[in-house]
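Chain by chain, the residues run as shown.
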Amino acid sequence: QVQLVESGGGSVQAGGSLRLSCEASGRTFSYYPNMAWFRQAPGKEREIVAAIMWNGGNTYYIDSVKGRFTISRDNAKTVHLQMNNLKAEDTAVYYCATRSYSGNDYYIKERYDYWGQGTQVTVSS
């Protein structure tokens, strides 16, 4: 199994930047071919923000963050989400998640086995 811990959340003004990190303990991400960041705003469903495939490094972003957010990995234990030009609508709790298989259903939250505890991102306009 793997345990996930997010860090890097906080409060910024619109236009600012934050860098979220997700660190794995136990088994590393190399055992899990698909890792993603989700977010959940108050009163809304949890939605995928970005995903990265461990083999090949292919990435996916929702349209609203394309060109502003970047998902990356720097070793087998840490994945980042660089968030630039933040907007008020990016305010949410951000979660990292992973699963033990790869597939085209990476955008479906119910398909993920392991979740972090979440980190709050607040963007003021």
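Here the structure is a predicted model, which is why all the values come from computation and not from measurement. (Residues numbered from 1 in each chain as written. Predicted model: local features only at pLDDT ≥ 70, side-chain atom pairs only at ≥ 80, totals over all residues. Heavy atoms only, no water.)

Draft legend 1. Focus on the overall build of the chain. Helix and strand counts for the chain come out as zero helices and 11 strands. Helices and strands in the chain line up, N terminus first, as β-β-β-β-β-β-β-β-β-β-β. For a compact globule of 125 residues, the expected C-alpha radius of gyration is about 14 Å, and the chain comes in at 13 Å, within 12% of that figure. For the chain, the spread of C-alpha atoms along the principal axes amounts to about 40 × 25 × 25 Å. In the chain, buried positions account for 45% of the 125 residues. Put simply, 58% of the contacts in the chain that link residues at least 6 apart link residues at least 24 apart. Accessible area of the chain: about 6200 Å², with a carbon and sulfur share of 44%. Side-chain charges of the chain comprise 13 positive and 11 negative groups, with the mean position of each set lying 3 Å from the other. (Helix = DSSP H or I, 4+ residues; strand = E, 2+ residues; numbered from the N terminus. Rg over C-alpha atoms; globule rule 2.2 N^0.38 Å. Buried < 20%, exposed > 50% of the residue type's maximum accessible area, 1.4 Å probe, protein only. Contact = heavy atoms within 4.5 Å. Areas by Shrake-Rupley, 256 points an atom, 1.4 Å probe, with all protein chains shown as cover. Lys, Arg positive; Asp, Glu negative; His and termini not counted. Charge placed at Lys NZ, Arg CZ, Asp CG, Glu CD.)

Draft legend 2. Summary view of unusual backbone geometry. For Asn85, which is not glycine, the phi dihedral falls at a positive 50°. Its location among the elements puts Asn85 in the loop between strand 8 (78–83) and strand 9 (92–99). A relative accessible area of 42% means that Asn85 is categorised as partly exposed.

Draft legend 3. A look at the pattern of salt bridges. Going through the model one piece at a time under the given rule, you end up with eight salt bridges. Here Glu47 ties to Arg39 by a salt bridge, and the two come within 2.8 Å at their closest N and O atoms. Overall, Arg39 belongs to the buried group, its relative accessible area being 7%. (Salt bridge = Lys/Arg side-chain N within 4 Å of Asp/Glu carboxyl O.)

Draft legend 4. Representation of the nonpolar core. Grouped together as the largest cluster of nonpolar side chains are 37 residues, with contacts concentrated most on Trp37, Ile71, Leu81, Met83 and Tyr94. Elements with a minimum of two residues in this core: strand 1 (2–7), strand 3 (18–26), strand 4 (34–40), strand 5 (47–53), strand 7 (69–73), strand 8, strand 9 and strand 11 (119–124). Top element by residues in this core is strand 5. It accounts for six residues. The contact partners of Leu81, leaving out residues within four places of it in the chain, are Leu18, Arg19, Leu20, Trp37, Val49, Ala50, Phe69, Thr70, Ile71 and Tyr94. (Core = buried A, V, L, I, M, F, W, Y, C linked by side-chain atoms within 4.5 Å.)

Draft legend 5. Highlighting the packing of aromatic side chains. Under the criterion given, the structure shown has six aromatic pairs. Measuring from ring centre to ring centre gives 5.2 Å for Phe38 and Tyr112, while their planes differ by 80°; the resulting arrangement is edge-to-face. Of this pair, Phe38 sits in strand 4 while Tyr112 sits in the loop between strand 9 and strand 10 (114–115); the two residues are 74 residues apart in sequence, bridging distant segments of the chain. Owing to a relative accessible area of 0%, Phe38 belongs among the buried residues under this scheme. Cluster of aromatic residues (ring-pair linked, three or more members): Phe38, Tyr95, Tyr112 and Trp115. Sitting above the plane of the Trp115 ring, Arg46 keeps its charged end 4.8 Å from the centroid. Lying across the ring of Tyr101, Arg99 places its NZ or CZ 4.3 Å from the centre. (Phe/Tyr/Trp six-rings, centres within 6.5 Å; stacked < 30°, edge-to-face > 60°. Lys NZ or Arg CZ within 6 Å of the ring centre and 35° of its normal.)

These figures capture arrangement, not role.
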